[in-house]
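Below, each chain spelled out in residue letters.
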Amino acid sequence: MLRRLVRRAVRSVRLLGYDDVALPSLLPISRDVMRASYPEVETDFARISEVAYAEEDAFRRTLAAGTTILDVAVSKAKSRGGSRAGASGAERPGRHTPVLDGDTAFKLHDTYGFPIDLTLEMAAEQGVQVDEVAFRTLMAEQKARARADALAKKTGHADLGMYQAIASDLASPVEFLGYTDTKAAVTCQGLLVDGVPAPLAVAPADVEVVLDRTPFYAEAGGQLADQGTIVFDGGAVVEVDDVQAPLRGLNVHRGRLTEGSFAVGDPGLATIEVDRRRAISRAHSATHMIHKALHELVGEDRTQAGSENSPSRVRFDFRSPSAVPTEIISDIEERVNLQLQENLEVTDEIMPIAKARELGAQSLFGEKYGDIVRVVSIGGDWSRELCGGTHVSATGEIGRVAMLGEASIGSGVRRVEALVGTGAYGYHAKESALVSQLTSLVGARPEELTDRIAALLAKLKDTEKELAAVRQGQLLAAAERLASDAPVVAGSRVVAFNAGEVATNDDLRVLALDVRSRLADSAPAVVAIGGTAGGKPGIIVATNAGAREAGLRAGDLIKAAVPALDGRGGGKPDLAQGGGTNAVGLPNALLNIVEAVKAAG
């Protein structure tokens, strides 16, 4: 609702004729009026204004792009006139009112972030209604697809009812032993073969196995699932690739039965891949530490929006109206690594959620928690989060964290990625080797590397400019000769010249305009200059006033040329440009222009 209010205010100001940013002028006035009743508006104004100003900037860009598309769509709706049949075939909404179709409204929303309430409002201002029913249908279909994809991850495209039937036969939820055990004696309680319930599985087969107890962690809370094996007493071996929990308390082990056979009720031994688990646990604990360091160095309002903890790698999403500066990312890395050296103890405790809140434990926004929760603490009260994942026992086990960078993944959501443990050591080893190679190449000490490379790049840039000037000078030197030697074709002087390899198509343009300027306007003149830049052919066509009066237009001539280049082109009557992928066809393209002039004459 706040976002809608901000957007409405931004558009209203624009409708009043003010096209610059407005909230930096308006918001402080609102703060001054409200602070007597709401003092937090003033004390938190730095954060509030940062979010609001970022929203205005983002919406101004959306408004600029979306308004143009909407105006075109509204014009088309008006030209059609009357009502239009919706997705159901029924006529809607009014018999004589122009209607903007739901597909366009959905595209504005889905592709350009143009909110439907704004589309409805702006269309109504121009006397056009929106097929809102079709829009809502498309939105519902999109949400259904997203839900289906998420469910497919959990269920492997199997019917959820199959898992419910298995769960109903269990005496109790599947017991998770993975906080303390890496292997456990188990019994098969449920089985699916190729997605279908079965009493028995015979190798080879894709199977889903439900056990009475398990050391395998099912993917949740950003932590990837464990992998490993289940070896049944009869000799059957299941290679477990993934573990999901389609229902609360029901862990489903997905994998491949590679040898033997087993049935529901058979006992066995479940063993996780320990090295993978440890690498994931290091990453998970590092995620908590990055989250805490982000709060310390950027702000408590940078709340978690998601994460993925995979072996030796962390992906952490958080809410932020703006990018985190590179130097702050470096500070976060330094802060985390200092805490690693302190070898802080990592503990967990089961407690009522009310107590966890009192202790200040962080929770994942949007996540559903029960009355009793597990709280993971690092260094006592330094970091506390509600978490069901696996962790190291002390931060020293993590080894090292290397931050890779930060980027936007959506409106108001940023992402940082980092390498952990062996991944971080490998990354720093590669960096060190690269620095060593660069210092040898440029003959500088590591601390001088940045300045030396900057100087070399500046010198290279100057050299490229000089070379470009020399190449352009050589091309322009040919202009007088091309103009004086231009043959007459069907009453027009025609220059069709292949300049060969050039730096950019701008060189071709400069030469074409120079040659045209040397040809008198008293007689029709057509100049076509072709060349190849970076392996791709291009052509510039320029015509003088006499040629245009004779019906020779540059845009038409370029269209005759580009088929030989396997490309396309276009432009105005006096100047046009084309290009393609077939450099071998450049001579034929120039010849096509000459033939087009002959045909016009």
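Residues numbered from 1 in each chain as written. Predicted model: local features only at pLDDT ≥ 70, side-chain atom pairs only at ≥ 80, totals over all residues. Heavy atoms only, no water.

1. A few points about the overall build of the chain
Secondary structure summary: the chain contains 18 helices and 28 strands in total. The C-alpha radius of gyration computed for the chain amounts to 34 Å, which surpasses the reference 25 Å derived for 601 residues by more than 25%, pointing to a less compact arrangement than a globule. Each of the three principal axes of the chain carries a C-alpha extent, and together these read 100 × 75 × 70 Å. A total of 601 residues make up the chain; the buried ones form 41% of that total. In the chain, 64% of the contacts between residues at least 6 apart in sequence involve partners at least 24 apart. By element, 52% of the accessible surface of the chain is carried by carbon and sulfur atoms, the whole surface being about 30,700 Å². A distance of 6 Å separates the average location of the 66 positive side-chain charges in the chain from that of its 80 negative side-chain charges. (Helix = DSSP H or I, 4+ residues; strand = E, 2+ residues; numbered from the N terminus. Rg over C-alpha atoms; globule rule 2.2 N^0.38 Å. Buried < 20%, exposed > 50% of the residue type's maximum accessible area, 1.4 Å probe, protein only. Contact = heavy atoms within 4.5 Å. Areas by Shrake-Rupley, 256 points an atom, 1.4 Å probe, with all protein chains shown as cover. Lys, Arg positive; Asp, Glu negative; His and termini not counted. Charge placed at Lys NZ, Arg CZ, Asp CG, Glu CD.)

2. A word on the environment of glycine 360
Checked against the element boundaries, glycine 360 lands in the loop between helix H11 (353–358) and strand S19 (372–378). The class of glycine 360 is partly exposed, set by a relative accessible area of 42%. Separated by 191 residues in the primary sequence, glycine 360 and aspartate 169 place their C-alpha atoms 39 Å from one another.

3. Re the sheet that holds strand S18 (residues 346–352)
Strand order across the open sheet formed by three strands is S18-S19-S20, with antiparallel pairing between neighbours. Looking along the sheet, the strands with just one partner apiece sit at the ends: S18 and strand S20 (383–386). Put simply, the sheet's adjacent strands are angled 25° from each other on average, direction ignored. Both S18 and S19 contribute to a ladder of seven bridges, which runs antiparallel. The residue of S19 that forms the bridge with valine 346 is isoleucine 378. (Pairing = 2+ DSSP bridges. Axes fitted to C-alpha atoms, helices over the stretch in contact; angles between N-to-C directions.)

4. A short note on the confidence of the model for the chain
Taken as a whole, the chain shows an average pLDDT of 88; of its residues, 95% reach a score of 70 or greater. Contacts from residues 83–94, a stretch scored under 50 in pLDDT, to residues over four places away or in other chains number 25 contacts. (pLDDT = per-residue confidence, 0-100.)

5. Observations regarding the pairing of strand S22 (residues 413–420)
In terms of burial, S22 is largely enclosed, as six of its eight residues are buried. One ladder, built from seven bridges, connects strand S17 (residues 313–319) with S22; its direction is antiparallel. Along S22, the bridge assignment pairs phenylalanine 316 with valine 416. Between strand S21 (residues 401–410) and S22, which pair antiparallel and follow one another directly, the connecting turn spans two residues, one of which, glycine 412, has a positive phi of 75°.

6. What to know about the side chain of threonine 543
Following the sequence through the fold, threonine 543 ends up in strand S26 (residues 536–543). Setting aside its immediate chain neighbours within four residues, threonine 543 contacts Arg516, Ala525, Val526, Arg548, Leu552, Arg553, Ala554, Leu557, Pro573 and Asp574.

7. Quick look at the packing of helix H13 (residues 449–477) against helix H15 (residues 505–518)
As a packed pair, H13 and H15 sit with axes 10 Å apart at the nearest point and diverge in direction by 30°. The angle between H13 and H15 falls in the class roughly parallel. As H13 packs across H15, the resulting crossing turns out to be right-handed. Between H13, through Gln472, Leu475 and Leu476, and H15, the contact on the second element is made entirely by Asp507, Val510, Leu511 and Asp514. When grouped by side-chain class, the residues that make up the contact of H13 with H15 number four nonpolar, one polar and two charged. (Parallel < 35°, antiparallel > 145°, perpendicular 65-115°, else oblique. Left-handed = near helix turned anticlockwise from the far one by under 90°. Nonpolar A, V, L, I, M, F, W, Y, C, P; charged D, E, K, R; others polar.)

8. Things to note about the pattern of salt bridges
Per the counting criterion, the structure on display carries 29 salt bridges. Among the salt bridges present, the one from arginine 374 reaches aspartate 348, with a minimum N-O distance of 3.5 Å. In this pair, arginine 374 sits in strand S19 while aspartate 348 sits in strand S18, placing the two residues 26 residues apart along the sequence. In this structure arginine 374 comes out as buried when scored by relative accessible area, which is 11%. Classification of aspartate 348 by relative accessible area gives partly exposed; the value is 44%. Taken together, the salt bridges that share partners define one network made up of Arg8, Arg11, Glu121 and Glu125. (Salt bridge = Lys/Arg side-chain N within 4 Å of Asp/Glu carboxyl O.)

9. Side note on a nonpolar patch on the surface
A surface patch of nonpolar side chains, about 490 Å² in accessible area, is lined by Leu26, Ile29, Val33, Met34 and Tyr38. Summarising the element assignment, methionine 34 is placed in helix H2 (residues 23–34). (Patch = residues over 30% accessible without salt bridge, like charges linked within 9 Å, V, L, I, M, F, W, Y side chains within 5 Å.)

10. Overview of the environment of threonine 326
Here threonine 326 shows up in helix H10 (residues 326–341). We classify threonine 326 as exposed; its relative accessible area is 62%. Sequence-wise, threonine 326 and lysine 572 are 246 residues apart; in three dimensions their C-alpha atoms are separated by 46 Å.

11. Let's talk about the layout of surface pockets
Estimates place the volume of the second largest pocket at around 1,200 Å³. Along the wall of the second largest pocket there are 37 residues; nearest its centre are Arg3, Ile48, Val51, Ala52 and Glu55. Where the lining of the second largest pocket is concerned, the elements lending two or more residues are helix H1 (2–15), H2, helix H4 (45–80), S21 and S22. It is H4 that provides the largest number of residues to the lining of the second largest pocket, a total of eleven residues. Among the residues making up the lining of the second largest pocket, the classes are represented as 19 nonpolar, nine polar and nine charged. (1 Å grid on protein atoms, 1.4 Å probe; cavity = no way out; pocket = protein on both sides within 12 Å on 5 of 7 lines; lining within 4 Å. Points joined across faces, edges and corners; volume = space filled by probe spheres on them.)

12. With respect to helix H9 (residues 274–297)
The end-to-end C-alpha distance of H9, which contains 24 residues, comes to 34 Å, matching closely the 34 Å that a straight helix rising 1.5 Å per residue would cover. With 18 of 24 residues buried, H9 is to be regarded as a mostly interior element. Within two residues after H9, glycine 299 carries a phi angle of roughly 155°, on the positive side. (Expected span 1.5 Å × (residues − 1).)

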